[in-house]
Amino acid sequence: MKRSKWLAAALAVLLLTGCSLAQPEKAEQQGDRWVGFYVVPSQGYESDFYDNPNLEEYGSFQAETDQFGTLAFPQEVLFAVEDEAGNYTFPGLEKGYSLFVYREYGVGEPDHKGRNYAVGIVSNMGPGEEGPQYKYTDEGISETASGTVYFGPPPGVTDWDELTSGIIWRYYNVYQTQEGRIYLNGHGDSVNGAISKTQTETRKTSQDGKTVQEETVSITVAIKTVPRLEKLVVTQFDENNVILQSDDLNLQNDRPELHCLPETAWVLVEEFTSDGTERAVYDPPEGEDPVSHEYVLLDEEGLGSMAYLNICAR
């Protein structure tokens, strides 16, 4: 019998014998920090988080019983794995969207506890309405980030509706231990459709009964529907608005490049979808840094990822 099923059976027996379950030991009681979300699409509201073979014991939760007093049960969590490039994945739960603000201890300026750390952000979402903001004063620390998750119809589906698509979004809470490890404990909300979420948590540090510093983390995730991109066309014009060249780009390449011709005065980018055509105009870059046009690609399941067209200098 799997550990999670054994634990569920044990709790059922305790409930029959008369007990009340205390809330699981909160991460902040362990000294751990809530740092953001890991948003996972699933079919239906049922979560198979506790069937993941990569779970590890960390912390505990308690059950108050009439016959046996207080009983403690181990809590199982899913620790993230970091690769050499600094990317984080959750084993067995890879297909999700991350947005969290973490701390890398041992570098940077010391905090109020004398620990040195630098702040980083992990995100594979599209950009949010506001960029990340980090504010540090003598009174407190504020870390804010936002991002966007896109989804839409699978290929060939014309009567698609977000509420009947079958996709349920699970907002898993992401925590960081005092040693710097990132994990999920299975807690979070589930929503159907394009429902956004903002969560803010504040931790207070006290000394002699007085608050000496507040640490606030605020994360906003917007879930938005988009039509499926059918074609991406880039056209170059000269100073007399005469077409020099038009290219229908390969949508399988999520980082295409366009090298402007010597005579190019401006560039037109057209996104063709079932909802119509969206257009954007760019001047050729003057320096070596390209101009970037962002767009959304939907996979076979209708889940979106950001893609970028780099418009390079003449």
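Residues numbered from 1 in each chain as written. Predicted model: local features only at pLDDT ≥ 70, side-chain atom pairs only at ≥ 80, totals over all residues. Heavy atoms only, no water.

**Examining the pairing of strand β19 (residues 266-273)**
Note the cut-off: Relative accessibility decides the category of a residue: with a 1.4 Å probe and only protein chains considered, values under 20% of the type maximum give buried, values over 50% give exposed, and everything between is partly exposed. The helix and strand labels rest on DSSP assignments: H or I over at least four residues marks a helix, E over at least two residues marks a strand, and numbering proceeds from the N terminus. A pair of strands is treated as paired once DSSP finds two or more bridges between them.
Counting buried positions along β19 yields 6 of 8 residues, so the element is predominantly enclosed. Taken together, the 8 bridges between strand β16 (residues 229-237) and β19 define a ladder with antiparallel strand orientation. Bridge pairing links L229 to T273 in β19. Pairing analysis gives 7 bridges linking β19 to strand β20 (residues 276-282), with the strands arranged antiparallel. Bridge pairing in β20 links L268 to V281.

**Re the environment of G106**
So the rule is basically this: Contacts between residues were defined by any pair of non-hydrogen atoms, one from each residue, lying within 4.5 Å.
Structurally, G106 is set in strand β7 (residues 97-110). Judged by relative accessible area, G106 falls into the exposed class, the value being 63%. Sequence separation of G106 and Y117 is 11 residues, and the distance between their C-alpha atoms is 5.4 Å. In contact with G106, other than residues within four places in its own chain, are N116 and Y117.

**A look at the nonpolar core**
Where we set the bar: Buried Ala, Val, Leu, Ile, Met, Phe, Trp, Tyr and Cys residues form a nonpolar core when they are joined through side-chain atoms within 4.5 Å.
With 23 residues, the main nonpolar core has V39, W169, I219, V221 and I223 as its most contacted residues. Aside from chain neighbours lying at most four places away, what touches I223 is V39, V149, F151, W169, Y171, G193, A194, I195 and S196. F49, A80, F90 and V122 belong to the second largest nonpolar core, which has 17 residues in total.

**Side note on a negative patch on the surface**
Defined as follows: Distance thresholds for patches are 9 Å for like charges and 5 Å for nonpolar side chains (Val, Leu, Ile, Met, Phe, Trp, Tyr), applied to residues having over 30% relative accessible area and no salt bridge. Where accessible areas are quoted, they stem from the Shrake-Rupley method and a 1.4 Å probe; at the residue level, only the protein chains shown are allowed to cover. Any carboxyl oxygen of Asp or Glu that lies within 4 Å of a side-chain nitrogen of Lys or Arg is treated as forming a salt bridge with it. Charged residues are defined here as Lys and Arg on the positive side and Asp and Glu on the negative side; His and the ends of the chain fall outside this count. Charged groups are reduced to one reference atom each: NZ for lysine, CZ for arginine, CG for aspartic acid, CD for glutamic acid.
Side chains of E82, D83, E84 and E104 sit close together on the surface and give a patch of like negative charge. With a relative accessible area of 46%, E82 lands in the partly exposed category.

**Some words on the environment of V35**
As for its placement among the helices and strands, V35 is situated in strand β2 (residues 33-43). A relative accessible area of 0% places V35 in the buried class. In contact with V35, not counting residues within four places along its chain, are L99, F100, V101, V174, Y175, Q176, V217 and I219.

**Observations concerning the sheet that holds strand β21 (residues 291-298)**
Within a sheet, each strand pairs with its neighbour through backbone hydrogen bonds, oriented either parallel or antiparallel. Which entries qualify depends on this criterion: Fitting a line to C-alpha atoms yields each axis, with helices limited to the stretch in contact; the angle taken between N-to-C directions then spans 0 to 180 degrees.
The strand order across the open sheet built from 3 strands is β18-β22-β21, with neighbouring strands paired in mixed fashion. Bordering the open sheet on either side are β18 (257-259) and β21, each of which pairs with just one other strand. On average, each strand axis in the sheet is inclined to that of its neighbour by 20 degrees, with strand direction left out of account. Direction of pairing for β18 relative to strand β22 (residues 304-312): parallel, over a ladder of 3 bridges. Bridge pairing in β22 places L258 opposite I311.

**Looking at the pattern of salt bridges**
Opposite charge on two side chains permits them to pair, given that their charged atoms come into close proximity. All chains considered together, the criterion is met by 8 salt bridges. Note that K95 and D299 form a salt bridge whose closest N and O atoms lie 3.7 Å from each other. With a gap of 204 residues between them, K95 in the loop between β6 (88-89) and β7 and D299 in the loop between β21 and β22 connect regions that are remote in the sequence. Classification of D299 by relative accessible area gives partly exposed; the value is 27%.

**Some details on the sheet that holds β16**
Read from one edge of the open sheet, 4 strands run β17-β16-β19-β20, paired in antiparallel fashion. At either margin of the open sheet sits one strand with a lone partner, and together these are β17 (243-248) and β20. Pairwise comparison of adjacent strand axes, ignoring direction, gives a mean angle of 15 degrees for this sheet. As paired elements, β16 and β17 share 5 bridges and run antiparallel to each other. Bridging from a neighbouring strand, F237 pairs with I243 of β17.

**Brief notes about the side chain of R228**
This is how it is decided: Polar contact criterion, stated in full: a pair of N or O atoms within 3.5 Å, where within protein one must be able to donate a hydrogen and the other to accept it, and residues adjacent in sequence count only if both atoms are side-chain atoms.
Along the chain, R228 falls in the loop between β15 (210-225) and β16. For the buried R228, no salt bridge exists, and the shortest N-O distance to an oppositely charged side chain is 5.4 Å, to E300. Of note is the side chain of R228, whose polar atom sits 2.9 Å from the backbone oxygen of P153. Contact partners of R228, with chain neighbours within four places excluded, come to P153, P154, P155, F272, T273, S274, L298, D299 and G302.

**Some remarks on the packing of aromatic side chains**
What counts, and what does not: Aromatic rings from Phe, Tyr and Trp, taking only the six-membered ring of Trp, are treated as a pair when their centres fall within 6.5 Å; an angle between ring planes under 30 degrees marks them as stacked, one over 60 as edge-to-face, and anything in between as tilted. For a lysine, the NZ atom is tested; for an arginine, the CZ atom; a charge sits over a ring if that atom is within 6 Å of the ring centre and within 35 degrees of the ring normal.
Enumeration over the complete set of coordinates arrives at 15 aromatic pairs. Relative to Y183, the ring of F79 lies with its centre 5.7 Å away and its plane at 65 degrees, an arrangement referred to as edge-to-face. With F79 in strand β4 (residues 69-79) and Y183 in strand β13 (residues 182-192), this pair connects stretches of sequence that are 104 residues apart. Judged by its relative accessible area of 1%, Y183 is buried. On the numbers, 6.2 Å between centres and 55 degrees between planes, the contact of Y97 with W169 is tilted. Placement of Y97 in strand β7 and of W169 in strand β12 (residues 167-176) is noted, with a sequence separation of 72 residues between them. In this pair, the class of Y97 matches that of W169, namely buried. Three or more aromatic residues joined by ring pairs make a cluster, and in this case those are Y58, F79, Y175 and Y183. Positioned above the aromatic ring of F79, the side-chain terminus of R181 is 3.7 Å from the ring centre. Here the guanidinium or amino end of K231 rests over the ring plane of F272, the centre of that ring lying 4.9 Å away.

Distances and angles like these do not, on their own, reveal function.
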